[in-house]
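Breakdown of the fold
These are the residues of each chain, in order.
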Amino acid sequence: HANVNIGAESGAAGEIRGKNIDVKAQTGKLNVYNYTYAITKGLGGSAEAYSHATLNQDMKVTIDNVIIKAYDKLVVKSNATPTNGGKNIDLYAETIIKAFAGWIKSEANLYGNSNSKVDIKDGADIAGADVRIEAEKFNGNVKLDAKGTRKAIASKDEIEENKLGNQESVSVASGVIF
């Protein structure tokens with residue numbers, strides 16, 4: 001979680017002045033790798049491999065009760081996308097059955113919630129030549145791979161599900177001064 005609160009908890013109004021001002025809540029590097037493997041050889045045998053991960057993250061910028069004056073650029077941004085490239089989440093589940101009959105099941109599932117929010121409240125007074133207010137949802141690289149290898153009449157299930165809730169929002173109260 002990354003929460004940036006400017007003026008939200010103070011009693012007196014604050015002031016920030018500068019040439020270029022960046023206010024950001026950002027996901028840093030994210031690398032998750034999970035590998036599971038199961039094998040069965042006996043007649044009527046079974047094997048199950050589960051590769052599950054849960055990602056819960058909240059990126060939030062709250063601005064209230066403060067004057068922000070940028071002489072050139074002001075960026076207020078919440079970003080749930082990791083800063084590093086490549087595979088951010090890689091889940092692999094593999095099962096093998098070497099018997100004539102039986103069953104195998106491979107699952108690779110991603111669960112959780114990713115939220116990115118900018119909330120500018122009534123007490124904010126914002127000025128700048130170039131003002132950008134943005135929220136960016138999770139857009140990382142996710143790979144889910146469920147693989148099953150069987151022979152003859154053995155049955156197999158391969159399940160890959162990305163159940164990550166992914167939200168972004170920007171709210172600016174009606175009393176904000178620009």
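Above this text is the structure in question.
An account of the accompanying structure is given in this report. No experiment lies behind these values; they were computed from the predicted model shown.

What counts and what doesn't
Residues numbered from 1 in each chain as written. Predicted model: local features only at pLDDT ≥ 70, side-chain atom pairs only at ≥ 80, totals over all residues. Heavy atoms only, no water. Helix = DSSP H or I, 4+ residues; strand = E, 2+ residues; numbered from the N terminus. Contact = heavy atoms within 4.5 Å. Areas by Shrake-Rupley, 256 points an atom, 1.4 Å probe, with all protein chains shown as cover. Salt bridge = Lys/Arg side-chain N within 4 Å of Asp/Glu carboxyl O. Buried < 20%, exposed > 50% of the residue type's maximum accessible area, 1.4 Å probe, protein only. Pairing = 2+ DSSP bridges. Axes fitted to C-alpha atoms, helices over the stretch in contact; angles between N-to-C directions. Core = buried A, V, L, I, M, F, W, Y, C linked by side-chain atoms within 4.5 Å.

What follows concerns the overall build of the protein. Counting its secondary structure elements, the protein contains 0 helices and 10 strands. Of the regular secondary structure in the protein, the N- to C-terminal order runs β-β-β-β-β-β-β-β-β-β. Along the three orthogonal principal directions, the C-alpha set of the protein runs to about 75 × 25 × 20 Å. For the protein, the proportion of contacts with a sequence separation of at least 24, taken over those separated by at least 6, is 85%. Summed over its atoms, the accessible surface of the protein is roughly 9,200 Å², and 46% of this surface lies on carbon and sulfur atoms.

Applying the stated criterion to the full structure yields 10 salt bridges. A salt bridge links Glu136 to Lys77, with the nearest nitrogen and oxygen atoms 3.3 Å apart. Of this pair, Glu136 sits in strand β8 (residues 124-136) while Lys77 sits in strand β5 (residues 66-79), placing them 59 residues apart in sequence. Glu136 sits in the partly exposed class, given a relative accessible area of 31%. The partner of Asp119 in a salt bridge is Lys121, and the shortest N-O contact between them spans 3.9 Å.

This paragraph deals with the sheet that holds β5. Spatially, the 3 strands line up as an open sheet ordered β2-β5-β8, and their pairing is parallel. A strand with exactly one partner marks an edge of an open sheet, and here the two such strands are β2 (14-26) and β8. Shown here is a sheet whose adjacent strand axes are inclined to one another by a mean of 5°, direction ignored. Strand direction decides the pairing type here: β2 and β5, joined by 12 bridges, are parallel. Bridge pairing in β5 places Gly18 opposite Ala70.

Taken in spatial order, the 4 strands of this open sheet run β1-β4-β7-β10, and their pairing is parallel. Unpaired on one side and paired on the other, β1 (2-6) and β10 (155-172) mark the two borders of the sheet. For this sheet, the mean inter-axis angle between neighbouring strands, taken without regard to orientation, is 5°.

Relative to the assigned elements, Gly123 resides in the loop between β7 (102-120) and β8. Its relative accessible area of 36% is what places Gly123 among the partly exposed residues. Separated by 53 residues in the primary sequence, Gly123 and Val176 place their C-alpha atoms 6.4 Å from one another. Here Gly123 is in contact with Asp64, Asn65 and Val66, once residues within four sequence places are set aside.

Next up on the list: the nonpolar core. Judged by nonpolar contacts, the single largest core of 30 residues is most densely connected at Ile63 and Leu110. Not counting chain neighbours up to four residues away, the residues in contact with Ile63 comprise Ile6, Ile68, Val76, Asp119, Ile120, Lys121 and Ala124. Core analysis: the next-biggest nonpolar cluster, separate from the first, contains 8 residues, Ala47, Ala93, Ile97 and Ala99 among them.

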